[in-house]
Amino acid sequence: MYSPNMTKVVRIELGASIFEAERIVQEAAAADLTVELLRNEHPETGGAFALGSCALLVTGNDEADLRELLADYGY
């Protein structure tokens with residue numbers, strides 16, 4: 001059955017810590033949530049030196065569960 005939330009993708013801003021964002025994505029995967037990390041990395045130095053904030057993309061079906069997980073991290 002079709003649900004509008006199935007196709008909805010939500011962007012959640014996290015801040016500049018790629019390391020913390022990676023940890024959150026791993027926790028989300030362990031909880032069987034579909035989440036993708038968007039990084040804004042420096043093209044020469046990589047992930048340790050972000051140019052801007054990180055964000056998560058999550059499907060509408062997993063948004064509520066991800067927001068509960070983020071609350072544990074203070075988001």
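Here's a quick rundown of the structure. (Residues numbered from 1 in each chain as written. Predicted model: local features only at pLDDT ≥ 70, side-chain atom pairs only at ≥ 80, totals over all residues. Heavy atoms only, no water.)

### Looking at the overall build of the chain
Note the cut-off: Strands here are runs of E lasting at least two residues and helices are runs of H or I lasting at least four, both read from the DSSP assignment and numbered beginning at the N terminus. Buried means the residue's accessible area, taken with a 1.4 Å probe over protein chains only, is under 20% of the maximum for its type, while exposed means over 50%, and partly exposed covers the values in between. Pairs of residues are marked as contacts when any of their non-hydrogen atoms sit within 4.5 Å. All accessible-area figures derive from a Shrake-Rupley calculation using a 1.4 Å probe, and residue coverage is judged against the displayed protein chains alone.
Helix and strand content of the chain: three helices and five strands. Counted from the first residue to the last, the chain has its helices and strands arranged as α-β-α-β-β-β-β-α. Within the chain, the fraction of its 75 residues that count as buried is 31%. Contacts in the chain between residues at least 24 apart in sequence constitute 66% of all its contacts with a sequence separation of at least 6. Total accessible area computed for the chain in this model is approximately 4,900 Å², and 51% of it derives from carbon and sulfur atoms.

### A word on the nonpolar core
The condition is simple: Throughout this description, the term nonpolar core refers to a set of buried Ala, Val, Leu, Ile, Met, Phe, Trp, Tyr and Cys residues connected via side-chain atoms within 4.5 Å.
Membership of the largest hydrophobic core comes to 17 residues, with the highest contact counts inside it found for Val35, Leu56, Leu66 and Leu70. Elements represented by at least two residues in this core include exactly strand 1 (9–15), helix 2 (18–30), strand 2 (35–38), strand 5 (54–59) and helix 3 (60–72). In this view, leucine 70 contacts Ile12, Leu14, Ile24, Leu56 and Tyr75; residues no more than four positions away in its chain are not counted.

### What about the sheet that holds strand 2?
Threshold: Pairing between strands is defined by DSSP: at least two bridges between them are needed. Each axis is a line fitted through C-alpha atoms, taken for helices only over the stretch in contact, and angles between the N-to-C directions span 0 to 180 degrees.
Taken in spatial order, the three strands of this open sheet run 1-5-2, and their pairing is antiparallel. The two strands at the open ends of the sheet, each matched to only one other strand, are strand 1 and strand 2. Neighbour-to-neighbour, the strand axes of this sheet turn through a mean angle of 25°, independent of strand direction. Strand direction decides the pairing type here: strand 1 and strand 5, joined by six bridges, are antiparallel. Bridged to isoleucine 12 within strand 5 is leucine 56. Each of strand 1, strand 2 and strand 5 is contacted by helix 2, which is oriented at about 170° to strand 2, the strand it contacts most.

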